[in-house]
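# Summary of structural features
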Amino acid sequence: WDDGVGSIHRGRETYFLPQRPYIPAGSQGVATSLREQLLYPDVQAEDAELQEALAVVQLRHLAADLGRLCDWATTLSGGEQQRLVFARLLVQLLNAQAP
């Protein structure tokens, strides 16, 4: 492999988790529901699946807050934000297809 030359191809089922969590703002400002955060960017899932993902990443205490509107980027600690993004990945993987 020559330095600085090449290309990387990724399939539809490739996911990236940045070190700094991405917590998107809502369409009407910064407030979003926890449900919207977990379903970002465009995933369908049942509340029970969202609650299970929260439990797996040790955010079970937020399971009752799926409809709560707030600025999650300032409400959650850095570690909680990372776990929220990982829970989002778990929700995404519910619909993933094996290669």
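Preceding this paragraph is the structure being described.
A brief report on the enclosed structure follows. Being a predicted model, the structure only gives us computed values, none of them experimental. (Residues numbered from 1 in each chain as written. Predicted model: local features only at pLDDT ≥ 70, side-chain atom pairs only at ≥ 80, totals over all residues. Heavy atoms only, no water.)

### Focus on the nonpolar core
To keep things clear, this is the line we draw: Nine residue types can take part in a nonpolar core, namely buried Ala, Val, Leu, Ile, Met, Phe, Trp, Tyr and Cys, and a core is a set of them joined through side-chain atoms within 4.5 Å. When a residue's accessible area, from a 1.4 Å probe over protein chains only, is under 20% of the maximum for its type it is buried; when over 50% it is exposed; and in between it is partly exposed. Helix and strand assignments come from DSSP, with helices taken as H or I runs of at least 4 residues and strands as E runs of at least 2, each series counted from the N terminus. In what follows, residue pairs with any heavy atoms lying within 4.5 Å of each other are defined as contacts.
In this structure, Leu-34, Leu-38, Leu-54 and Leu-84 are the most contacted members of the largest nonpolar core, which totals 20 residues. Residue assignment for this core shows that the elements contributing at least two residues are α1 (34–39), α2 (47–56) and α4 (78–93). Ranked by the residues each element gives to this core, the list is headed by α4, at four residues. Those residues in contact with Leu-84 that sit more than four places away from it in its chain are Ile-23, Leu-34, Gln-37, Leu-38, Leu-54, Leu-59 and Leu-76.

### Quick look at the packing of α2 against α4
The cut-off we apply is this: Only the stretch in contact is used when a helix axis is fitted, and all axes are lines through C-alpha atoms; the angle between N-to-C directions ranges over 0 to 180 degrees. Oblique is the label for any angle not under 35 degrees, not over 145, and not in the 65 to 115 range, which are roughly parallel, roughly antiparallel and roughly perpendicular in turn. Note on convention: the crossing is left-handed when the near helix lies turned anticlockwise from the far helix by less than a right angle, right-handed when the turn is clockwise. Any residue outside Ala, Val, Leu, Ile, Met, Phe, Trp, Tyr, Cys, Pro, Asp, Glu, Lys and Arg is labelled polar, Gly included; the first ten of those are nonpolar and the last four are charged.
Relative to each other, α2 and α4 sit at 135 degrees, their axes nearing to 9 Å. The angle between α2 and α4 places the two elements in the oblique class. The interaxial crossing formed by α2 with α4 has right-handed handedness. Across from Leu-50, Ala-53, Leu-54 and Val-56 in α2, the residues of α4 making contact are Leu-84, Ala-87, Leu-90 and Val-91. Residue composition of the contact of α2 with α4, grouped by class: eight nonpolar, no polar and no charged.

### Some words on the side chain of Glu-80
Here is the rule: Counting rule applied: Lys, Arg positive; Asp, Glu negative; His and chain ends not counted. By convention in these notes, a salt bridge is any Lys or Arg side-chain nitrogen within 4 Å of a carboxyl oxygen on Asp or Glu.
Among the structural elements, Glu-80 can be located in helix α4. One buried charged residue, Glu-80, remains without a salt bridge, the closest side chain of opposite sign being Arg-83 at 4.7 Å. In this structure Glu-80 touches Leu-59, His-61 and Thr-75, once residues within four positions along its chain are discounted.

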